[in-house]
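# Summary of structural features
Chain by chain, the residues:
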Amino acid sequence: MAFSRVSLNYRGLHDYLWTSAELQAALLAHAEVGVRYAKAIAPVGPIRDKHRTAFRDSIHAEAGKGPRGGIAAKIVAEPPWVEFGRRHTNPYVGAHTLHKTAQFLNAPRRSA
């Protein structure tokens, strides 16, 4: 039985991870699944709040370069105090929407 040797082209792999439009589209599609989940569980706030749905409506996906220069996609939401909570004046009490979304996207089997 003969064994074949595999030779990896590391420069080609580097170029793919840093410049591939297909990889960027796949990551953005994965992030869009997370956006739909995050919007489904995001708090909308009390009725008396004039910016009631601002947090939920601000959730969106962005594709671009990551911190080390490679292709990345991320889910972004504003304002951050809704996500983590604000002492004494927060009606949302720290929803942790993006944290729960990351757990959902990284789960081996998604149920939602």
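Let me begin by describing the structure that accompanies this report. (Residues numbered from 1 in each chain as written. Predicted model: local features only at pLDDT ≥ 70, side-chain atom pairs only at ≥ 80, totals over all residues. Heavy atoms only, no water.)

### Examining the overall build of the protein chain
Our working rule: Put simply, DSSP H or I for four residues or longer makes a helix, DSSP E for two residues or longer makes a strand, and each gets a number counted from the N terminus. Burial classes follow relative accessibility: with a 1.4 Å probe on protein chains only, a residue under 20% of its type's maximum area counts as buried, one over 50% as exposed, and anything between as partly exposed. Note on definitions: a residue-residue contact is assigned when non-hydrogen atoms from the two residues lie within 4.5 Å. Here, Shrake-Rupley sampling with a 1.4 Å probe gives the accessible areas, and only protein chains in the shown set may cover a residue.
When helices and strands are tallied, the protein chain shows five helices and two strands. Mapped in sequence order, the helices and strands of the protein chain form the string α-α-α-β-β-α-α. Taken over 112 residues, the protein chain has a buried fraction of 24%. A separation threshold of at least 6 residues defines the contact pool for the protein chain, and within that pool the share at least 24 residues apart is 52%. Approximately 8400 Å² of the protein chain is accessible, and the part contributed by carbon and sulfur atoms is 57%.

### Topic: the pairing of strand β1 (residues 60–65)
A regular strand places its side chains on the two faces of the sheet in alternate fashion. Selection rule: Two strands make a pair as long as DSSP finds a minimum of two bridges between them.
Two elements, β1 and strand β2 (residues 71–76), share six bridges in a ladder whose sense is antiparallel. Opposite His-60, over in β2, you have Val-76 as the bridge partner.

### As for the nonpolar core
Applicable threshold: In plain words, nonpolar cores are sets of buried Ala, Val, Leu, Ile, Met, Phe, Trp, Tyr and Cys residues tied together by side-chain atoms within 4.5 Å.
By size, the foremost hydrophobic cluster in this structure holds eight residues: Ala-31, Val-35, Ala-38, Ala-42, Phe-55, Ile-59, Ala-61 and Ala-77. By residue number, the principal contributor to this core is helix α2 (residues 21–41), which donates three residues.

### Remarks on the side chain of Thr-101
In this structure, Thr-101 sits in helix α5 (residues 97–106). When sequence neighbours within four positions are dropped, the list of residues in contact with Thr-101 reads Gly-34, Tyr-37, Ala-38, Ile-41 and Ile-75.

### Considerations on the environment of Phe-104
Structurally, the position occupied by Phe-104 is in helix α5. Taking the C-alpha atoms as reference, Phe-104 lies 8.2 Å from Tyr-37; in sequence the two are 67 residues apart.

### What to know about the pattern of salt bridges
Keep this limit in mind: Salt bridge, as applied in this entry: a Lys or Arg side-chain nitrogen positioned within 4 Å of an Asp or Glu carboxyl oxygen.
In the structure shown here, the tally under the stated rule is two salt bridges. A salt bridge links Arg-11 to Asp-15, with the nearest nitrogen and oxygen atoms 3.7 Å apart. Taken together, the residues span about one helical turn, with Arg-11 and Asp-15 both in helix α1 (residues 10–19) at a distance of four residues. Across the salt bridge formed by Asp-57 and Arg-56, the nearest N and O atoms sit 3.6 Å from each other. Here Arg-56 falls in the partly exposed class, since its relative accessible area comes to 28%.

### Here's the deal with the packing of α2 against α5
Just so we agree on the cut-off: All axes are obtained by fitting lines to C-alpha atoms, using only the stretch in contact for helices, and the reported angles, taken between N-to-C directions, cover 0 to 180 degrees. Here the word oblique covers every angle except those under 35 degrees (roughly parallel), over 145 (roughly antiparallel) and from 65 to 115 (roughly perpendicular). Left-handed describes a crossing in which the near helix is turned anticlockwise from the far one by less than a right angle; the clockwise case is right-handed. Three classes are used: nonpolar for Ala, Val, Leu, Ile, Met, Phe, Trp, Tyr, Cys and Pro, charged for Asp, Glu, Lys and Arg, and polar for all others, with Gly counted as polar.
Where α2 contacts α5, the axes come no closer than 9 Å and their chain directions differ by 130°. On the basis of their axis angle, the class for α2 and α5 is oblique. As for how α2 packs across α5, the hand of that crossing is right-handed. When α2 is examined against α5, the residues His-30, Val-33, Gly-34, Tyr-37, Ala-38 and Ile-41 are found in contact with a partner set consisting of Thr-97, Lys-100, Thr-101, Phe-104 and Leu-105. Of the residues contributing to the contact of α2 with α5, the split by class is six nonpolar, four polar and one charged.

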